[in-house]
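A look at the structure
If you want the building blocks of each chain, they are given just below.
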Amino acid sequence: MKIYNKIVYDINNNIIEEDSYEYEGPLTLADPVTAAVIGGTSLMQYQAQGKIGKYNQAVNNRTAAVLDGQAAQIEQKAEFDIAQFNKTYQKVKGETTVALAKSGVQIGSGSAYNIALSNALEKRLQENLIRYNSQVAASNKREEASFARIKGTIARQESRIKQIGTIASAGTSLITMNQGSFGTKSKGLVVAP
């Protein structure tokens, strides 16, 4: 019979490390009532661990979906901010044109042209800055979402490891419960390799 000391799985449930040995010594089983109690409680614990793992993964996936939504909102807000900035820019542009006209400056030449060109360049710079900042913030939210998904996958894998531990613990309890040996009087069946 193969006895496992350690089993390590990768994310795809492939065994990547295994520590085991062959056991050929005496075995006995516990009496049926005790075996049923150990088996029943182990089964309940196994099922609870699985549910907890699925729940934690679902919570983290939900968090990821919320963060993805926030990233989309940040991008949409950037377009709104640019539209608001353009309204303000058009207002300032109009005020500047009126002020220049009142002072007798010819619009489209000399200082007026330089002011208009400078304002247009500043407008473009501000629009690019708003877009850049929104892209950085949206990328950060998407990165948080990725980490939340990873955290959910890890929670699920941890619950699977706990389930394996529960099964191993139950098996060990049943095997070591009685001190009888193969070939002696015992209650229940003897497990043969």
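Above this text is the structure in question.
Let me begin by describing the structure that accompanies this report. Given the structure is predicted, the values throughout are model-derived calculations rather than measurements. (Residues numbered from 1 in each chain as written. Predicted model: local features only at pLDDT ≥ 70, side-chain atom pairs only at ≥ 80, totals over all residues. Heavy atoms only, no water.)

Each helix and strand in the protein was counted, giving 2 helices and 2 strands. Start at the N end of the protein and walk to the C end: the helices and strands fall as β-β-α-α. Sorting the 193 residues of the protein into buried and exposed places 17% on the buried side. In the protein, of all internal contacts separated by at least 6 residues, the share reaching a separation of at least 24 is 72%. Carbon and sulfur atoms provide 58% of the accessible area of the protein, an area that totals close to 13400 Å². (Helix = DSSP H or I, 4+ residues; strand = E, 2+ residues; numbered from the N terminus. Buried < 20%, exposed > 50% of the residue type's maximum accessible area, 1.4 Å probe, protein only. Contact = heavy atoms within 4.5 Å. Areas by Shrake-Rupley, 256 points an atom, 1.4 Å probe, with all protein chains shown as cover.)

Time to look at the side chain of Thr-166. Counting through the fold element by element, Thr-166 comes out in helix H2 (residues 110-177). Judged by relative accessible area, Thr-166 falls into the buried class, the value being 5%. One polar contact links Thr-166 to Gln-49, side chain to side chain, over a distance of 2.8 Å. Apart from the residues lying within four places of it in its own chain, the contact partners of Thr-166 are Ser-42, Gln-45, Tyr-46 and Gln-49. (Polar contact = N/O pair within 3.5 Å; in protein donor to acceptor, adjacent residues only side chain to side chain.)

Shape is all these values report; function is a separate question.
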